[in-house]
Structure formats: C-alpha cells, structure tokens
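# Structural overview
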Amino acid sequence: MVRYGMIIDLDRCVGCGACAVACKAENSVTSSTPEDYKKRRLMEWNRVITVFKGKYPNVSASIMPIICNHCENPPCVKVCPVDATYKTPYKSGEAAIYSAGEGEGVEGGLVLQRYERCIGCKYCMVACPYQQRFFNFYEQEEKDYHNPDVPRRITGIVEKCTFCVHRLKKAKAEGKKIGSPDGVEPACTEACPARTRTFGDMDDPESEVSKLLRSRRNYQLRADLGTNPQVYYLD
Amino acid sequence: MVLEAKMDRRGFLKAAGVAGAATLGVISLDKPVIRALAQGLETAREEKWVSSVCIQCPAGCGTKVRVVNGKAVKIEGNPEHPYSNGKLCPKGYAGLQLLYDVDRVKQPLKRTNPKKGKDEDPGFVPVTWDEALDDIANRLKTIRAEGKSHTVNFLSGRNQGRAGSVWGTFMKLYGSPNNIGHSSICADASKKAKSLLDGNDDYNAYDWENCNYVLNFGGAFIEAWRPTNLMLQRWAHMRRGRPVRAKQVMVDTRFSTTAIKSDEWLPVKPGTDGALALGIAHVILTEGLWDRSFVGDFKEKGRKFRIGETVAKEDFEEALTSGLIDWWNNVLINFTPGKASLITGIPAETIIRVAKEFATTKPAIAGGERGAGAHTNGTYNHMAIHALNALVGSMFTVGGVMYQMGVPYASLSIKDDEYVDDVAKNVDKDFKEHKLERIDMAKSDEWPLVSNVYQNIPDNHAAGKPYKLSVMFTYYTNPLFSNPNPQRAWEAFKDVFIVETSSYLSETALYADYILPDSYYLERWQDMAVYPSTGYPVTGFRVPAVAPVYDTRNSMDVIIDIGKRMGGKMGEYYNKLGNHENMLREIAKGFEKVPGDNGVKDFNSWAEKGAWYKKPYLYRFSNGKFYEWDGIGYNKEMKKTEEVKEEVKDGKPVKTTTVKDPVKEKLLKTKSGKFEFRSSKLEGLNDKQKDILKSKIKNPDLFAYPHFEEPTFAGMGDYPLYLSSPKMITHAEGRGANAQWLQERFGIVLGKAWSSWIELNPDKADELGIKNGDEVWVESPIGKVKTMAVINPGNPPWIVVFPFENGHWNYGRYAKGLGVNPNEIIANLSDPVSAQSCTNATMVKVEKA
C-alpha cells in the first residue's frame, strides 16, 4: 500500500509564496487579472494565508500554506455527480478508471480530476471545506511558457492540486525514487527555500514523511470534519 | 474507495466515459481537453536545461531553465549554485512571464514627438539598429567635438557582471565622469557606515549558519534583505535545521513578515534605530560584557564602565579596536537604556535584557539595511549598529560578519587605459582636480565619501548646476519612477536626449528619444558575481536559454557597437574588443588558475554548471588572533611583518623598512588597521568637507563617532503619521509590475493583490473613520495620491506602510494604470554622509476619500 502525503512545517515556513508561484508555473494554472481577482476568481492550487490574533501591541500572526489535502475521505469525490473527481487506489494495479493520461498508473491515494468528464457544476467546490478547488471561468490562453507535461484545461471545468501527478508518473516510468529528501517531489515541495514541506509514502515507516510525523506534534486541518487529510501540519 | 458497478446514473456515465473518449476524439481534434486524452500521442520533443541567473533582484541566484522545443517553460533553482541550492524565491519563477510579455518593446524605436510629458504620446516609430546607432554615435561625436563630452550621463540600476565595466570603459574613453549608479536610492548608508568603521565599503557577508543570535535593525530578513532566496534558506536552517535554534530579534517600525516570525519584535519609532543600538552598547560596556579578545580590556581586571564616569585612555588597552574610550567619554557615557527608551519607545528593561542576551549568546550578529538607513541619520544609525558587532567580537569570527571575496577573473587582454585619448584624459584630469564635477556632485566637497547621489540629478540638471546634461543613457533604471518625488524628473528631463535600453515601456522609456531594447536575461550571455552573503566567492553564469523573442540585443553588445562607430582611439578599442561574449571567454580564463570546488575551470564548464565558487572564506578571527586558511585549516597567523630593503642611493647605503600588515590590507582597512569607533576616515576629510558635513548635522562635535542624530522628517508638525515604503518579497525592483504571478499574490501577509495599498493600525483607522478596503487620500508635503486602505492589526498607530511597485504610466497591460506610486509623495531628503535617499523620512496624513 502506498499513501502519498505531505507535511508542512509551519515553523520553517517564511511566508514567501515561492510554493504558490512554483505551482502556477509547473501546472500552467491560469493567471488572473485585476477583474478576476475582484470577483474572487484567483486560481491558487497552493495559497498562503495569514491569520492575525489581537492587535498592536499585543499581536501575533500565523502564516499558513494551504493546498488540496488529498483527503482519505474526500467530500468532493462523494458529491461529484459524474464521477469526474476520484481518488487513486492505494495499491498499484488495483482496479480503477483513471483519467486517460492524467494519473494513470499512479497509486497513493491522490485525489484527481477527470477534466474530460467535469460538467462544471461546482458541487465539489461547495463540498470542499478547504476551498481548494477552482473553477475555470475563462478560456486558458495559450502561453509560450506552458508546461507541456500537464494537460490544458478548458473553461467551465474545475481543477486543483494533483500532487504534481505528472512528475510522479514520469518518475515511475523512469524508475526514479519518489519522495523527500532525494526523490521526485511535487513542485511546491521542491521549490520551498525553507524546506517547509516533506512529501512521500506515509505507509512506508522508513520514509522521511513517516519519520517526521513520528518525531513532532502534528495536526490536520479541520480534523473534526472527518475528511482525514493526507496533509499534516507541524507546529 | 470502491467504485460500485451498479447501473445507476454514475455507473452509466462511467461506462459511457470510457467508450465516449474515442468518439469525442473524432468530433474535434483541437480542443485542449482532447489533448488530455491524447497524452500518449506526443511528437518528438527537444528538451534541455540551461544554466542562468535570475535578475529580479541583485542576489544573483543561479537557475536552471527548462527549455522545450525552444520555449522556456520553467525556471528552477540551480542545485550547483551556493545561493540557490536548487531553490528560488517567488520572483525567480516569474521570469517566464517577463520574457514572454507580449507588450515588450519589440524593436528599436525612435521618438517623433519632441514634447515629453506624462500625457504626451512619444510617437515612436520603428528604426533599424544601424540607423539608431549611427545617429546616436554621430550625436555623441558632435558633443565631444564641442568640448562637452562630460555632459553625457550613463545612469544605471541593475548592473550585473561585466555590465558595470562596459559602461565604465565607455565613459572613460568618451570623456565623461558621469558613470552613475543608483546605490544612493538603495542602501548606501549601511555600506558607508561600515567603511567609516572598518574600511570596507560594502555590505557585510554573514555566517548565518553558525550564528545563534540575530539583532536585526530594519532588515526584512525573510522578505527583501538580499540575497533573499539564501536568507530564506538560512532562516529556516537557523530555526529548525540544527541542534541549536537561533534567536531572532526584529527591530522594526512595522509588523512585517519578519516581525511575525521573529521571537521578539521591538517596534521602534522611525529613525531611532541608532539610539537603540547605542543604549545596547552602553549596557554591554557597563555590564562588562564586551569581547575582550577583540576589544581589549581595562588594565585593572574586572573593572567596568560606569555611567557618567569618564575613563582615562591609559587605563584601557585596546586590542583590535581603536577609539573606544573616546567614544565612551563623548557618546556612550550617559546614553543609558532609559535615555534610549525615551527616544525609541522600547522599554528600558527590554533594552537591558536584549543587550545582555546579545552579548552573551555567541556568536551574535547585529545587522540591518534600509529600514534603519533610509533616514537623515541613516549612516550614524548604521555606525552604531555595526559597532555592536565589534563590541561582542563578531568581526570575522565563526557565526559572525565578514566581507565578500572577489572572483578571480582574468583581466581582459586589451587594456582600456591605453585607448584614452587627450580629450578623455583632460576630462579625467579636470575631474580629479575638482575643476569639473559629476552631474550628481558625488566626490565633490559636499559629497566626498559617497558613491553617487542619484536622487539629485533631476534638480542639478534643471538648475544647470554644475551643468546641463545633453544625453542620458539609462540601463535597468527608471528615474522617472524610482526617484523619491519623481515629479522633479518628469519636469527636469524633458530637455535631455534619452537613450533607453529597457525592453518594457517604463516611464523613462516613454521619455526616451531612442529605445534600444535589451534582450531579457534569458536571451543573453552574462556573468554574475553574487551579492555579498557567503563570504567565499561565487559567480553565476547566464547562458542564453532561448533565442530573442523579439528584435532585441544585449545592451552590452549595443554599447560596444556604438563604441565601434565612434572612431578614433575609442573606435579602435571597441573594434579590438569585438563583443561581449569575447569578454566572458577572457575573464573565464581566470578559473584555469583557480578552479572552482565543483570543477569549473573554463568558459564551457562554467556555462554547463552555471556557477563557479570556492570555499571557504579565507580569514578568521579566533582566540584573539587573525588567521588565514592554509588549505587544511585556519592555521596561518596573519602577523605583521617587516620587510627590510637595502639599496644604494647616491652612493650611500639606504635601508628602508616597510611594515606589511595583512590584517590592515585585507580586513580592517582603516588608517590604524583596527576597528575604529572614532572614524579616522571622517576626521581625515579636508576642512571644507568637514565644515559642510558639520553644518548638516545637529551634533557637529560628534561627527566622527557613532552617535544619535535626531532624524528629520519632511512635514513633521504638519502631518501626523510616519510613512514607510518597504519592498515586498514579490516586488522585483520596480520591474515586476507586469508579472501576473507576482501581482496576483503581491501581499502575502495582508492577502492583497492587484492593487497598491496603505496599511493602517486598526485603532488609527477607527479614529480616521476608515474601514478595511476603503479608498483613501494619502497626503504629504509633496502631494497626494488615492489608494486603498488595509488594516494591519500589528502595525503601531503612528505608521502608514505603503509598499512600492505599482503606479506605472504603462509597462504593459497588467501594470498600466494599476495603483499608485508611493514615491510621488515621498520627499527628496538625503543622509549627509552617504547620500542615502531618505525614503522613510516623510510624514503623511490619511483621509477617507
């Protein structure tokens, strides 16, 4: 069984946003304009928020990156009427209908999107308690710098973080290791200058993620909702 | 999760989906979603990773650019470059959007509308490179023939690598002293402060990896302190990457990202950082906590400094410092934590505690940049701050501060000095004899110690004092935008012939008579020795990742090309020089003698790896002595040696003894060869220079010491709030407003984007009747602008924070008309010692619009 997860160390995070920009670059996520932004249509598969407590002179703040949590019990998958959003199996080879191309053959419990099925009803966006699913309001412009490894998404469908499944798929095909510290990682993990993130197989007790989870106090976002994220935060 | 094979709606769609893929494929083959299905049908792909160096700030982080079928599709940190280590800050990735910006200037342009102004259409028409360069060369030749070559100005910003020397040589051969950089609108106060105390006119390099206590005065450690990418890495390492966690103390006027993440935030009143440093110095001396191996000690062991008590010089024996007792007797003697508290607003108990922690948690570093420096007392603030490093023994130690070593490039085989004709020689002579001044008056008696006074050029030109400029070349700089009170330049530069190299329609480009668009950094060759940080030398290499997208040329080659058309000795030089790539091949020969740690030994290996570097930093102070690296360890003591030369002069034997002091030569480059608390450099100014300096400060008797100068603020008394204009981590030096990826997440902490804004304390906002998101007028003695107000719960009530980036007249569709430029309400004040532009020294008032 393979269960890909990510750990985000909030003590290391310096609030720089490199993860957010690297993700946009790697996944060719449509850039916004001021009008999009005002309408809250900014697409941020990976975003960084700051939460303030108190005010001067008794003030503190927490900086927190948020991504799709690739929940073990994903509400988005439950509500999708057309089975566009799905979770890859934990065991390689287990029966599943992958999206043609995207995610094919990659196990690990990634929550992915079959873009060709999505009807844009946005039910999944309502269901996701982390607000990490994004609707394509506009036709994605053809940019010279788009990454040829990721599929282009059309207007009217929903997309989100894939744990850079295209990288994982390539790694599998090339027989490369997957997971921190020296295997293939998602773009955000690789990009972070503060080494905030760790990615890997949580079912492998010797993986970096497993060791880190055992070593420090950690928690999941909105654990009370029963989504059981595969993304953990360290204090 | 199990997929049930019931024939319900879901099951039907599932089955249909599998079968439907094929039919969908037939209907329309060019919809992008179909490409998702057809993932397996890829055509042959040519892919490579090319070495380069990011240009969005001066750090010089090495990158690797992924190029697929001739298009750059990703920029990542180069694992081989010691500043990147495979990482980049957010700005680095956005290079792609700047490269492929469809609003770039796509070919050389000539202005047809003689009128210049904010609302004037330049009437640009395309011209060929030859037309443009011939015209410019002819104009320059005419000016030179008229004896006015000194009126040509070269103004630069982000000079990297050989760029500085290409322009420098051009001006030298042409005959003009006006090769002017922008560092006075950057952070010169900190550099000059260090030069006055330890003789090094540079930013410090820092051994953050081993530092255990950071006392940071206004340096946005994890936002904009350069080299930002490496600073982010070091921060995380200091907090979580080693057994001992470093303490971070942030002294700042605002609740910045760094303040949020630091252990302690000391919210000083603007411009008072120096007072805090002096209060801390006082405590260190009165508590007996100074480092005796570096500073020395009282002859009477155990004796400490006592408040109000002068010390006789003979009672103290200084080791590697000088002037300590004078400094104590004249400045620190009564500068108690109580006094510092009154000035700064930081409680005295905190000052005492922090001082004790700083002095006893070794190694400790006192640092900071523009926050403390961009004030009318900036240099004196930084002198007080840097003096702390000497007091606690952090100079050149493990975990302390040092200076960046130079890269051992080979010299060019062709020496520009041999091509200086009489015209140029005379100009240089006149300049050195002060018969001719620079347009910014740097090196004159008013500004003897400065590198440049960028911000005063518009005023000087407008007044014709020292003279009027004829032609101005601009390279990676935008004086009509980045100057404080740029309105002065909008007016003043209307009658200057401007040759702009920007490939983006900046304000200065819109005033240009010619635009000779530069290729973007991903389209050219360039070397890039890093911004100071590691101490050991590093230089990155830009290899063209893609062919120029438009008809642009590397500006260095363009200048060389103009040079070739100048005729005379100048023309000879440039024809021999050939092109910029030749220069790089020549300087790379230096690596044959000194190969890098990763094997880089020539041009090709440098291009392949993307970085040459050589560890370690060669010098170390430990156990009271200076040592040099001998290949195995810091074992070679750097001792003074005496060289005795015996020769025969006029038939008589003459003995000359020269003392060689390697410490003075390489590290403490002052007159005394020590760290000077009483600056001999300042005392060595001539009488006229001293008089001018003393007339500008409030404590003229203390002009040679780190001391507290009360800061001046434009509008103080009439306007109630302090304006601070910091840089965000997403801010790419005034060249990032057209990058969507940066604009759409511009303010990480407050979550604001695609806008300019001012930050207000919540109580102050309530007082002014302003809610989060309201439009407000921000007014200063210079003018007023309208922007959005945002509540930052952490900021003190007396400060208004106005980040710099937006307010462009054009710069492409994403930047045009977006937001306002805080510089338009910032007064042009300069620190009298360093000429640092005081961008934090304007008072404002805020009103709901």
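Our subject is the structure listed above.
This write-up is about the structure you can find in this document. Predicted model only: the values in this text are computed from it and were never measured.

Secondary structure assignment for chain B yields 31 helices and 34 strands. Computed over C-alpha atoms, the radius of gyration of chain B comes to 29 Å, within 12% of the 29 Å expected from 2.2 N^0.38 for 849 residues, which places it in the range of a compact globule. Projected onto its principal axes, the C-alpha positions of chain B cover 95 × 75 × 60 Å. Of the accessible surface of chain B, which amounts to about 30,500 Å², a share of 50% is contributed by carbon and sulfur atoms. Treating the 112 positive side-chain charges of chain B as one cloud and the 104 negative ones as another, the clouds have centres 3 Å apart.

As a further point, take the overall build of chain A. Helix and strand counts for chain A stand at 7 helices and 10 strands. Computed over its C-alpha atoms, the radius of gyration of chain A comes to 17 Å, within 12% of the 18 Å expected for a compact globule of 235 residues. Counting only C-alpha atoms and orienting by the principal axes, one finds that chain A spans roughly 50 × 45 × 35 Å. Looking at chain A as a whole, 65% of its 235 residues are labelled buried.

A word on the sheet that holds strand β8 (residues 197-201) of chain A. All names here are of chain A. Read across the sheet, 4 strands follow the order β8-β1-β10-β9 without closing on themselves; strand pairing throughout is mixed. Where the open sheet ends on each side, the last strands, each with one partner, are β8 and β9 (218-219). When strand β1 (residues 4-9) meets β8, the two strands line up antiparallel, connected through 5 bridges. Across the sheet, the residue bridging to G5 is G200, located in β8.

Contacts between chain A and chain B engage 74 residues on the former and 73 residues on the latter. At the junction of chain A with chain B, the criterion picks out 10 salt bridges. Put simply, B:D763 and A:K55 hold a salt bridge, and the shortest N to O gap is 2.6 Å. Those elements that provide at least two residues to the side of chain A that touches chain B are α1 (18-27), α2 (34-38), β2 (47-55), β3 (58-66), α3 (75-79), α5 (165-174) and α6 (187-191) of chain A. Sorting elements by how many residues they give to the side of chain A that touches chain B places α1(A) first, with 7 residues. Its residues assigned to classes, the side of chain A that touches chain B comprises 38 nonpolar, 12 polar and 24 charged.

In total, this model carries 61 aromatic pairs over all chains according to the counting rule given. The structure contains a cluster of three or more aromatic residues connected by ring pairs, namely B:F154, B:W167, B:F170, B:Y174, B:Y419, B:F473, B:Y475, B:Y476, B:Y573 and B:Y574. Note that A:K122 overlies the ring of A:F135, its terminal NZ or CZ placed 4.3 Å from the centroid. Sitting over the ring of B:W798, B:K269 keeps its end group 4.7 Å from the ring centre.

Our next topic: the pattern of salt bridges. Under the defined criterion, the tally for this structure stands at 79 salt bridges over all chains. Among the ionic pairs, B:R353 bridges to B:E357, the shortest N-O distance being 3.2 Å. You can see B:R353 and its partner B:E357 sitting in helix α14 (residues 348-360), 4 residues apart, about one turn around the helix. Measuring nitrogen to oxygen at the nearest pair gives 3.9 Å for the salt bridge that ties B:E647 to B:K649. A single network of salt bridges, built from pairs that share partners, joins A:E26, A:R167, A:E190, B:K74 and B:E76.

Residues and elements named next belong to chain B. Judged by nonpolar contacts, the single largest core of 264 residues is most densely connected at W327, L388, I562 and L682. A total of 9 residues in this core trace back to one element, the largest contributor, which is helix α10 (residues 273-286). With sequence-adjacent residues up to four places away left out, W327 is seen in contact with L278, A281, L332, A387, L391, F677, Y705 and P706. Counting 27 residues, the second largest nonpolar core, distinct from the first, contains L109, L436, L469 and A492.

We now examine helix α24 (residues 580-587) of chain B. Residue and element names in this part refer to chain B. When α24 is considered as a whole, its buried residues turn out to be H580, M583, L584 and I587. End-on view of α24: buried residues confined to an arc of 95 degrees, all on one side of the axis. Two to three positions downstream of the cap, the backbone nitrogen of E581 sits 3.1 Å from a side-chain oxygen, assigning the N-cap of α24 to N579.

Attention shifts here to the side chain of B:D252. Residues and elements named next belong to chain B. Structurally, D252 can be placed in the loop between β10 (247-251) and α9 (257-261). Within the buried set, D252 has no salt-bridge partner at all; the shortest N-O distance to an opposite charge, 4.2 Å, is to R254. Here D252 is in contact with G218, W265, L266, P267 and V268, once residues within four sequence places are set aside.

The subject of this paragraph is the side chain of B:K261. Note on placement: B:K261 falls in helix α9. The side chain of B:K261 is buried and forms no salt bridge, while A:D11, the nearest opposite charge, is found at 5.0 Å. Among all residues touching B:K261, those that are not within four sequence positions of it are A:L10, A:D11, A:C13, A:I63, B:I222, B:W235 and B:R239.

The next thing to look at is the environment of B:D252. Taking relative accessible area as the criterion, B:D252 reaches 8% and is therefore assigned buried. Sequence-wise, B:D252 and B:E418 are 166 residues apart; in three dimensions their C-alpha atoms are separated by 50 Å.

Turning our attention to the pairing of strand β23 (residues 619-622) of chain B. Residue and element names in this part refer to chain B. Only one face of β23 is buried, namely the one carrying Y619 and F621, since none of R620 and S622 on the opposite face is buried. Judged from the 4 bridges that link them, β23 and strand β24 (residues 625-629) form a sheet pairing that is antiparallel. Each residue of the ladder has a partner; that of S622, found in β24, is K625. Turn length for the β23-β24 hairpin, with the two strands adjacent in sequence and antiparallel, is 2 residues, and the turn residue N623 shows positive phi of about 50 degrees.

Another aspect to go through is the packing of helix α7 (residues 188-198) of chain B against helix α16 (residues 378-391) of chain B. All names here are of chain B. Viewed as axis vectors pointing N to C, α7 and α16 meet at an angle of 55 degrees, and their least axial separation amounts to 8 Å. Of the possible angle classes, the one that applies to α7 and α16 is oblique. Once α7 is placed against α16, the crossing between them reads as right-handed. Two secondary-structure elements touch here, α7 through A189, S190, K192, A193, K194, L196, L197 and D198 and α16 through G378, T379, H382, M383, H386 and A387. Residues belonging to the contact of α7 with α16 are distributed by class as follows: 6 nonpolar, 5 polar and 3 charged.

Reading the values: the criteria
Counting from 1, residues in each chain are numbered in the order their sequence is written. Chains carry letters and ligands carry numbers; both start at the beginning, A for chains and 1 for ligands, and go up in the order they are written. Residues qualify for local features only when their pLDDT is at least 70, as the model is predicted, and side-chain atom pairs are given and counted only at 80 or more; totals for whole chains, interfaces and linings, by contrast, use all residues. Side-chain numbers here rest on the full set of heavy atoms in the structure, without hydrogens or water. A helix here means a DSSP run of H or I that spans at least four residues, while a strand means a run of E at least two residues long, and both kinds are numbered starting from the N terminus. All radius of gyration figures rest on C-alpha atoms, and the globule criterion is 2.2 Å times the number of residues raised to 0.38. Method for areas: the Shrake-Rupley scheme with a 1.4 Å probe, in which residue coverage is limited to the protein chains shown. Neither His nor the chain termini are counted; the positive set is Lys and Arg, and the negative set is Asp and Glu. Every charge is mapped onto a representative atom, which is NZ of Lys, CZ of Arg, CG of Asp or CD of Glu. Note on exposure labels: buried denotes an accessible area under 20% of the residue type's maximum, exposed denotes more than 50%, and partly exposed covers the range between, all computed with a 1.4 Å probe on protein chains only. Two strands make a pair as long as DSSP finds a minimum of two bridges between them. Note on contacts: a residue pair qualifies if any of its non-hydrogen atoms lie within 4.5 Å across the two residues. Take a side-chain nitrogen of Lys or Arg and a carboxyl oxygen of Asp or Glu: if they are within 4 Å of each other, that pair is a salt bridge. In this classification, Asp, Glu, Lys and Arg are treated as charged, Ala, Val, Leu, Ile, Met, Phe, Trp, Tyr, Cys and Pro as nonpolar, and every other residue, Gly included, as polar. Stacked, tilted and edge-to-face are the three classes applied to pairs of Phe, Tyr and Trp rings, where Trp contributes its six-membered ring and a pair requires centres within 6.5 Å; stacked means planes under 30 degrees apart, edge-to-face means over 60, and tilted covers the rest. Here, a charge over a ring means that NZ of Lys or CZ of Arg falls within 6 Å of the ring centre while also lying within 35 degrees of the ring normal. Here the nonpolar core consists of buried residues drawn from Ala, Val, Leu, Ile, Met, Phe, Trp, Tyr and Cys, with membership extended through side-chain atoms lying within 4.5 Å. For this quantity, the arc is that covered by the directions from the helix axis to the C-beta atoms. Contacts described as polar in this section are N or O atom pairs within 3.5 Å, which, within protein, must combine one atom able to donate a hydrogen with one able to accept it, while residues neighboring in sequence count only if both atoms come from side chains. Note on geometry: axes are C-alpha line fits, over the in-contact stretch for helices, and angles between N-to-C directions span 0 to 180 degrees. What sets the label is the angle itself: under 35 degrees gives roughly parallel, over 145 gives roughly antiparallel, 65 to 115 gives roughly perpendicular, and the rest give oblique. Left-handed describes a crossing whose near helix is turned anticlockwise from the far helix by less than a right angle; the clockwise case is right-handed.

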